[in-house]
Amino acid sequence: MSGTANPALLLGALLSALAAALHLAIIVGGAPWYRFFGAGEGMARLAQAGHWWPALLTLGIAVALLVAAAYALGAGGWSAALRGLPGLRWVLLGITAVYLLRGLAPWLAMLLQPELRQPFWIWSTLICAGYGVVHALGLAQVWSRL
C-alpha cells in the first residue's frame, strides 16, 4: 500500500468482492437462494432441476465482480501488482458506468411499469447506485494519476 492509496476505491473493491461472494453463495444455496435474491422463478426452476445455466451465469457475474474489485484495488493504489492491469483508467471508468447505469436505468422502467416495483428491483437498484457513486468518487480522486 502506498501513501496515496484511495479509501473510496478500497471500499469499492470490498463492495464488489462482497457481491461476488454473495453470487457464489447463491450458486451453493441453489433454487431457494435464486428465488430469495430475485433471480426469477425460471432461474430457480432450472437450478432446482440441476441445469448448468444458472450456475454458469451466476459464476460469470461473480468473476466480473472480482475483476471489478481487482481494478478498483489497482487504480486506488492498494496493490502494486494490480496497478499494471491493462487499460486501468478506462476499464474502471466502464465499471463505474455499469454500476451507475444499473443503479439509475431501472427507475425509468419502474415508473413506466409499476409491476416492476418489487423489493428486489428497488434494493438492487439502490445498491448498484451506491456502488457506482463510491467508484465514481474514487475514480475522480485518482483520475489524474492513472
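Our subject in this report is the structure included herewith. (Residues numbered from 1 in each chain as written. Predicted model: local features only at pLDDT ≥ 70, side-chain atom pairs only at ≥ 80, totals over all residues. Heavy atoms only, no water.)

Digging into the packing of helix H3 (residues 41-48) against helix H4 (residues 52-75)
Cut-off, in case you're wondering: Fitted lines through C-alpha atoms give the axes, limited to the stretch in contact for helices. The angle between two N-to-C directions lies from 0 to 180 degrees. The numbering of helices and of strands both runs from the N terminus, where a helix is a DSSP run of H or I of at least 4 residues and a strand a run of E of at least 2. The contact definition used throughout considers only heavy atoms, calling two residues in contact when any of these lie within 4.5 Å. Under the convention adopted here, Pro, Cys and the residues Ala, Val, Leu, Ile, Met, Phe, Trp and Tyr are nonpolar, Asp, Glu, Lys and Arg are charged, and Gly plus all remaining residues are polar.
Two elements in contact, H3 and H4, have axes separated by 7 Å at closest approach and are oriented at 115°. Residues Met 43, Leu 46 and Ala 47 of H3 form the contact with H4, whose participating residues are Trp 53, Pro 54 and Leu 57. Of the residues assigned to the contact of H3 with H4, the class counts are six nonpolar, no polar and no charged.

Notes on the pattern of salt bridges
The test is simple: Here, a salt bridge means any side-chain nitrogen of Lys or Arg that lies within 4 Å of a carboxyl oxygen of Asp or Glu. The classification of residues rests on relative accessible area computed with a 1.4 Å probe and restricted to protein chains. Under 20% of the type maximum is buried, over 50% is exposed, and intermediate values are partly exposed.
Tallying each qualifying case throughout the model produces two salt bridges. The closest approach of N and O atoms between Arg 35 and Glu 41, which form a salt bridge, is 3.0 Å. Note on Arg 35: relative accessible area 35%, which makes it partly exposed. Overall, the relative accessible area of 36% leaves Glu 41 in the partly exposed class. Residue Arg 45 is joined to Glu 41 by a salt bridge in which the shortest nitrogen-to-oxygen separation is 3.4 Å. Of this pair, Arg 45 and Glu 41 both sit in helix H3, four residues apart, roughly one helical turn.

Overview of the nonpolar core
Convention followed: Throughout this description, the term nonpolar core refers to a set of buried Ala, Val, Leu, Ile, Met, Phe, Trp, Tyr and Cys residues connected via side-chain atoms within 4.5 Å.
Among the nonpolar cores identified, the biggest contains 20 residues, and Leu 9, Leu 92, Ile 95 and Tyr 99 are the most heavily contacted of them. For this core, the leading source of residues is H4, giving seven residues. Beyond its immediate stretch of four places on either side in the chain, Ile 95 contacts Ala 68, Tyr 71 and His 135. By size, the runner-up hydrophobic cluster in this structure holds five residues, among which are Ala 31, Tyr 34, Met 43 and Ala 44.

Considerations on helix H5 (residues 88-112)
Side chains that are three or four residues apart share a direction in an α-helix, a result of its 3.6 residues per turn. This is how the line gets drawn: A helix is expected to reach a length of 1.5 Å times the quantity of its residues less one. The angle between axes fitted to the seven residues ending at a residue and the seven residues starting there is what we call the bend at that residue.
When the terminal C-alpha atoms of H5 are compared, their 37 Å separation across 25 residues agrees well with the 36 Å that a helix rising 1.5 Å per residue should span. Roughly 25° is the biggest bend found in H5, and it falls at Leu 101. Inspection of H5 places Leu 88, Leu 92, Ile 95, Thr 96, Tyr 99, Gly 103, Pro 106 and Met 110 among the buried residues, and these make up the whole buried set. Turning to H5, the residues buried within the fold contact helix H1 (7-29), H4 and helix H6 (119-142).

Some remarks on the packing of aromatic side chains
The description of an aromatic ring pair rests on the distance of the ring centres and on the angle between the ring planes. As a reminder, the rule being used: When two rings of Phe, Tyr or Trp (its six-membered ring) have centres within 6.5 Å they constitute a pair, described as stacked for plane angles under 30 degrees, edge-to-face for angles over 60, and tilted for the intermediate range. Two limits define a charge over a ring: the Lys NZ or Arg CZ must be within 6 Å of the ring centre, and within 35 degrees of the ring normal.
The full count for this structure, using the stated rule, is six aromatic pairs. With 5.9 Å between their ring centres and 45° between their planes, Trp 33 and Phe 37 make a pair best called tilted. For Trp 33, a relative accessible area of 36% gives the class partly exposed. Taking the relative accessible area as the measure of exposure, Phe 37 reaches 27% and is therefore partly exposed. Between Phe 120 and Trp 121, the aromatic rings sit 5.5 Å apart at their centres with planes inclined by 75°, giving edge-to-face as the arrangement. Residue Phe 120 is classed as partly exposed on the basis of its relative accessible area of 30%. Overall, Trp 121 belongs to the partly exposed group, its relative accessible area being 31%. Among the aromatic side chains, those forming a connected cluster through ring pairs are Trp 33, Phe 36 and Phe 37. Cation over ring: Arg 89 sits above Trp 143, and NZ or CZ is 4.2 Å from the ring centre.

In short, geometric facts, not functional conclusions.
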